[in-house]
Amino acid sequence: MKKHKICIVGGGLTGLISALVLSEKGLDIDLIVENTTSKIKDLRVTAISEKNMYYLKSKIKNINSKLFYPVKKINLFFDNNNQLKNFLNFDENKNLMFFFENRVTKKHLFRLLKKTKIKVHKKTIKSIDLAANKVSTSSSSKSYDLIFLCLGSNSPIYQKINGNREIQKNYKEHSITCSVKHQIKDLGAQQFFLKEGPLAILPYNKKKFSVVWSIEDRYFIKNKKNISKYLKNKLLNLIKKNKLTLGKIQSYPLKLSLKKNYYKKNIIILGDGLHVVHPLAGQGFNLILRDIEKLDELITYNLKLGLSIKDSNIPKDLSDSRKPENLLMGLGIDTTRKFFMSNKYLDPIKENILNNFSKSKLLKKITKRVANLGLE
Ligand SMILES: Cc1cc2nc3c(=O)[nH]c(=O)nc-3n(C[C@H](O)[C@H](O)[C@H](O)COP(=O)(O)OP(=O)(O)OC[C@H]3O[C@@H](n4cnc5c(N)ncnc54)[C@H](O)[C@@H]3O)c2cc1C
């Protein structure tokens, strides 16, 4: 029987995981990744929910669980006139979240790809042809039954598919992130809603955590030269331990982007090309994993019924089922960010609101459930 021809473009987490998840379905898959040796390494650490971790373990053969560091404690603090109030904490017997280093995990995923039948091509795609369902690089052109573009958030190639129709907001903020060596015992994840912007501590092994601090561009520009010192002082102030060693700092400009069109014909966008949310809640890649899970479910269903992937409703079904949740989560995270920003009307009552929030068992339960499962 003729195999369904699939092309996945992009060597980020979205492209690699989509390829591995689909690798056991008897599809003929080409994965096109840029030759990134000259590119800057991704030093970020990503937090994923327990449910998403379970999904990865169940779908990716031989995935190394040791790369995913489990955390059972999460504490959230609010900066109330320079006093930190712990308004929410989760301290459980079971793992709440898993943290992994992007760079190390991507390397591992590349190694796993070598054990599959997926053909990996080190190339940059130049264009797509919607009429012929074709992907072109500088040296070749090929047609496929289904194409997934996982090109990150800014590719001009998306223009043909979604015409850049989106809900968009430039946050005029940068996230600064780096790895920190520490000697704190049993460190859990922590989130501080500070006057300058949200700061998260994400432990990814017993001796290291990653810090992500989202600050306004005016602070970022003002402190750019001494950003490492600025961040270290803030950390020392927050966690009151003087033995912290900071690694290389990376910075990311922040925006909200929620695309209206997920596909055109048989070409589907996946990953940051569909939605980019503020990193304060660590949800961006979690949304992507739920999109991949749905895609996996739709492809499996079509294959089981012996339907042609080329003539299927997969692109529309994926868009119909995932767009509402992605939209609500993106706007919900945006509202959370706004709530914690300085506001002269809201500031006097924030503590009261947060106190009531932390006393409500139901709200705590809902928060935990949404962070784990999305709006399922
Ligand atoms: C500071 C920060 C912290 C974050 N923390 C979290 C977190 O804790 N939890 C969470 O869930 N999410 C988090 N996120 C979000 C998460 O990092 C992203 O959603 C995720 O990395 C997106 O991966 P991607 O593969 O879609 O895009 P990218 O990583 O941008 O990958 C795109 C790939 O496409 C390739 N490409 C582009 N153009 C072409 C072309 N023409 N031809 C071939 N290849 C091409 C690029 O080389 C690249 O490899 C965070 C984001 C930021 C900024």
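Residues numbered from 1 in each chain as written. Predicted model: local features only at pLDDT ≥ 70, side-chain atom pairs only at ≥ 80, totals over all residues. Heavy atoms only, no water.

### A short note on the packing of aromatic side chains
Then step 1. Applying the stated criterion across every chain yields a total of eight aromatic pairs.
Then step 2. Aromatic pair Phe87 and Phe340: ring centres 5.7 Å apart, planes at 35°, arrangement tilted. Within this pair, whereas Phe87 is found in strand E6 (residues 83-91), its partner Phe340 is found in helix H8 (residues 314-340), the two being separated by 253 residues in sequence. Of the two residues, Phe87 and Phe340, neither departs from the other in class, the shared state being buried. (Phe/Tyr/Trp six-rings, centres within 6.5 Å; stacked < 30°, edge-to-face > 60°. Helix = DSSP H or I, 4+ residues; strand = E, 2+ residues; numbered from the N terminus. Buried < 20%, exposed > 50% of the residue type's maximum accessible area, 1.4 Å probe, protein only.)

### Brief notes about the nonpolar core
Then step 1. Core analysis: the largest hydrophobic core is formed by 41 residues, its most contacted members being Ile8, Ile17, Ile48 and Phe148.
Then step 2. Residues within four places of Ile17 in sequence aside, it is in contact with Leu56, Ile60, Leu109, Phe285, Leu289 and Ile292.
Then step 3. Phe87, Phe193, Leu287 and Ile333 belong to the second-largest nonpolar core, a separate cluster that totals 30 residues. (Core = buried A, V, L, I, M, F, W, Y, C linked by side-chain atoms within 4.5 Å. Contact = heavy atoms within 4.5 Å.)

### Points about unusual backbone geometry
Then step 1. Positive phi outside glycine occurs at Asn62, with the angle close to 65°.
Then step 2. Here Asn62 is to be found in the loop between helix H2 (50-59) and strand E4 (69-71).
Then step 3. On the basis of relative accessible area, Asn62 is assigned to the exposed category, the value being 54%.
Then step 4. You will see that Lys265, though not glycine, has its phi angle at about 50°, which is positive.
Then step 5. Among the structural elements, Lys265 can be located in the loop between strand E19 (263-264) and strand E20 (267-269).
Then step 6. For Lys265, a relative accessible area of 53% puts it in the exposed group.

### Examining the site of the ligand
Then step 1. Close contacts around the ligand come from 30 residues, with Thr14, Glu34, Ala47, Asp272 and Phe285 the closest.
Then step 2. In this structure, an oxygen atom belonging to the ligand sits 3.3 Å away from a main-chain N or O atom of Gly12.
Then step 3. The fraction of the free accessible surface of the ligand (1,000 Å²) that becomes covered by protein chains is 86%.
Then step 4. Residue assignment for the shell around the ligand shows that the elements contributing at least two residues are helix H1 (13-22), strand E3 (45-49) and helix H7 (284-304).
Then step 5. The dominant element in the shell around the ligand, judged by the number of residues it contributes, is H7, at four residues.
Then step 6. Along the lines of polarity and charge, the residues of the shell around the ligand split into 13 nonpolar, 13 polar and four charged. (Near = heavy atom within 4 Å. Polar contact = N/O pair within 3.5 Å; in protein donor to acceptor, adjacent residues only side chain to side chain. Areas by Shrake-Rupley, 256 points an atom, 1.4 Å probe, with all protein chains shown as cover. Nonpolar A, V, L, I, M, F, W, Y, C, P; charged D, E, K, R; others polar.)

### What about the packing of H1 against helix H3 (residues 102-114)?
Then step 1. The contact between H1 and H3 brings their axes to 10 Å, and the two run at 35°. The chirality of how H1 crosses H3 is left-handed. Packed against H1, whose contacting residues are Leu13, Leu16, Ile17, Ala19 and Leu20, the element H3 presents Asn102, Lys106, Leu109, Phe110, Leu112 and Leu113 at the interface.
Then step 2. The class makeup of the residues in the contact of H1 with H3 is nine nonpolar, one polar and one charged. (Axes fitted to C-alpha atoms, helices over the stretch in contact; angles between N-to-C directions. Left-handed = near helix turned anticlockwise from the far one by under 90°.)

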